[in-house]
Amino acid sequence: MLSAIADMVLVRPAGIVRRVTPGRIEATGPAVTVGDLCRIGSAARLAEVVSVDADAITLVPLDDGNPVRLGDSIVAADGGGAARVGDAFAGRAIDALGQPIDGAGPIVAATTLPIRGTPPGVLSRQVPHTVLPTGVRAIDGLLTLCRGQRIGVFAASGIGKTSLIEQMLRGTPADRRILCLVGERGREVEGFWRSIAERSDRDRFTVVAATSDDSAGLRARSVATALCLAEYWRDRGEHVLLVIDSVTRLAMALREIGLAGGEPPTVRAYTPNVFAALPRVVERCGAVLGGGAITAVMTVLAESDEVDDPIVETMKSLLDGHIVLSRTLAERGHFPAIDVTRSVSRQASRLMAPTHAVAARAVAAQLGVYDEARVMIESGIYQAGTTPQIDVAIAQRPAVLAFLQQPEHEVVDFDAATRALAALGAARD
């Protein structure tokens, strides 16, 4: 009884709104920390704290409710620093705050985790060593992935990124699959959910969505919510496939929040909080000793086909590999449009069997040789017999391209992919 009385909140500290600008609210309190949620006014409009000064706090609104006025009271929201998790979220579509958007009724979950998460300790991580089939022949054969790996899919817009993600979701075995859609179009979210709802194993899927018209706070929080769910299942020993689409739109949301909090714009107008947050997102994923694993597939939208913007470069340095999609291949009708020569899996060399590795190196070398000589070959300048390596690359070209292409709805067994790759090596010999 005494402990219950001690836990009671008899007086709730409050602050007063003293300044309102588009996307930014300043108030005199209450005592909160960055990332906490507050409710403003009689309509209890939700906002997230983005900076704290000695005499004021700055917030960004999370919803488009009633307007905020000077003098409105502001109080800390219960549970604002935590995310609800649990098996009740399996087979459901939710928003960034964990509320259902699938029309299937409320979600009851008693367990919560800190929204900021806690990355595993350095020595509690496990070096991934189990091959992870994806059902995509080009990836399994030449860019072999493993359970617990963090991989990026880098692409400009309109060249098959979404189709590749759907293909990997279908072909990758996992106890849980979490799809986090950040700043996505509403119709894309509905399309993803409809395809999942028709599956017999829909209970293995969870969709966390914040559409493009949601506030920057909700878009950023959707990733944190998805990570909390993934960590909950990983810590129970399960393998979780987490897809974040896309990290670029997460960075844009973080930039909006940073600017609202008064941070200075730096590289390409991105604020420092962006480059502080991205490593934490990546490091919350991976495999842990004696537990499960979070295999993360994070898409990155490039500003151009040169994939040289700061978010691309930052993610390349953080991830365990990257899959680069090519507009040139897409325009030729080559799907998935994976540019193998520009892609890499940093775990592949440890995962491949010796015969698999030899065949993969041979095919990759042929692709590289052909690309170097492409201008001479396609202009008719090259004469057969001049260079044996180029002759082999030309002869093998149709078979290699057939191996790399795959219909969107086809899932290829991993062993079948490696056998087909070995056959290419045998034909070369």
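Before reading further, recall that the structure is shown in the block above.
Our subject in this report is the structure included herewith. Residue numbers run consecutively from 1 along every chain, following the written order of its sequence. Totals for whole chains, interfaces and linings use every residue, but because this is a predicted model, local features are given only for residues with pLDDT of at least 70 and side-chain atom pairs only at 80 or more, for both listing and counting. Values reported for side chains reflect all heavy atoms of the structure, with hydrogen atoms and water molecules removed beforehand.

Starting at the N terminus, helices and strands are each numbered in turn, a helix being any DSSP run of H or I of at least four residues and a strand any DSSP run of E of at least two. The helix and strand inventory of the chain stands at 14 helices and 19 strands. Here the C-alpha radius of gyration of the chain, 24 Å, is about what a compact globule of 429 residues would show, namely 22 Å. Each principal axis of the C-alpha distribution contributes one length, and for the chain these read about 85 × 45 × 40 Å. Counting across all 429 residues of the chain, residues that qualify as buried make up 52%. By sequence separation, contacts in the chain at least 24 residues apart represent 71% of the contacts at least 6 residues apart. Residue-level accessible areas treat just the shown protein chains as cover; the underlying method is Shrake-Rupley with a 1.4 Å probe. About 19,000 Å² of surface is accessible on the chain, with carbon and sulfur atoms providing 55% of the total. Counted as positive: Lys and Arg. Counted as negative: Asp and Glu, with His and the chain ends omitted from the count. By convention, the point assigned to a charge is CZ for Arg, NZ for Lys, CD for Glu and CG for Asp. Taking the average location of the 44 positive side-chain charges in the chain and that of its 49 negative ones, the two points are 2 Å from each other. Our radius of gyration looks at C-alpha atoms and nothing else; its globule reference is 2.2 Å times the residue count to the power 0.38. Relative accessible area decides the class of each residue, using a 1.4 Å probe on protein chains only: under 20% of the type maximum gives buried, over 50% gives exposed, and in between gives partly exposed. The contact criterion used is simple: two residues touch if any of their non-hydrogen atoms lie within 4.5 Å.

Looking now at the pattern of salt bridges. What makes a salt bridge here is a side-chain nitrogen of Lys or Arg within 4 Å of a carboxyl oxygen of Asp or Glu, nothing more. Evaluated as defined, the whole model comprises 25 salt bridges. Between D201 and R199 there is a salt bridge, with its nearest N and O atoms 2.8 Å apart. Here the salt bridges share partners, and the residues they tie into one network are D87, R176, R236 and E238.

A few words now on the packing of helix α7 (residues 272-283) against helix α8 (residues 310-318). Where α7 contacts α8, the axes come no closer than 10 Å and their chain directions differ by 35°. The two elements α7 and α8 cross, and the hand of that crossing is right-handed. Contacts between α7 and α8 involve V274, F275, L278, P279 and V282 from the first element and P310, I311, T314, M315 and L318 from the second. The nonpolar class holds Ala, Val, Leu, Ile, Met, Phe, Trp, Tyr, Cys and Pro. Asp, Glu, Lys and Arg form the charged class, and all remaining residues, Gly among them, are polar. Partitioned by chemical class, the residues of the contact of α7 with α8 number nine nonpolar, one polar and no charged. In this analysis an axis means a line fitted to C-alpha atoms, helices contributing only their contacting stretch, and an angle means the value between N-to-C directions, from 0 to 180 degrees. Left-handed is the label given to a crossing in which the near helix is rotated counterclockwise from the far helix by less than a right angle, and right-handed is the label when the rotation is clockwise.

Spacing of three or four residues puts side chains on the same side of an α-helix, whose turn is 3.6 residues. Those residues of α7 lying buried are N273, V274, A277, L278, V281 and V282. Looking straight down α7, one finds that the buried residues subtend no more than 155° of arc, so they occupy a single side. Those residues of α7 hidden inside the fold are in contact with β12 (150-155), α5 (216-235), β15 (239-245), α6 (247-260), β17 (293-301) and α8. Within this analysis, the arc is defined by the directions that extend from the helix axis to the C-beta atoms.

Here we take up the side chain of T58. Take T58: it is sitting in strand β5 (residues 57-61). Owing to a relative accessible area of 4%, T58 belongs among the buried residues under this scheme.

Remark: the centre distance and the inter-plane angle together describe each pair of aromatic rings, the angle taken between the planes. Two rings from Phe, Tyr or Trp (for Trp, the six-membered ring) form a pair when their centres sit within 6.5 Å of each other. Planes less than 30 degrees apart are called stacked, planes more than 60 degrees apart edge-to-face, and all others tilted. Evaluation of the coordinates by the stated rule reveals two aromatic pairs. Their ring planes at 80° and their centres at 6.3 Å tell us that Y270 and F275 sit as a pair that is edge-to-face. Counting as a charge over the ring demands two things of the Lys NZ or Arg CZ atom: a distance within 6 Å of the ring centre and an angle within 35 degrees of the ring normal. Lying over the aromatic face of F403, R137 brings its terminal NZ or CZ to 5.8 Å of the ring centre. Cation over ring: R397 sits above Y370, and NZ or CZ is 3.9 Å from the ring centre.

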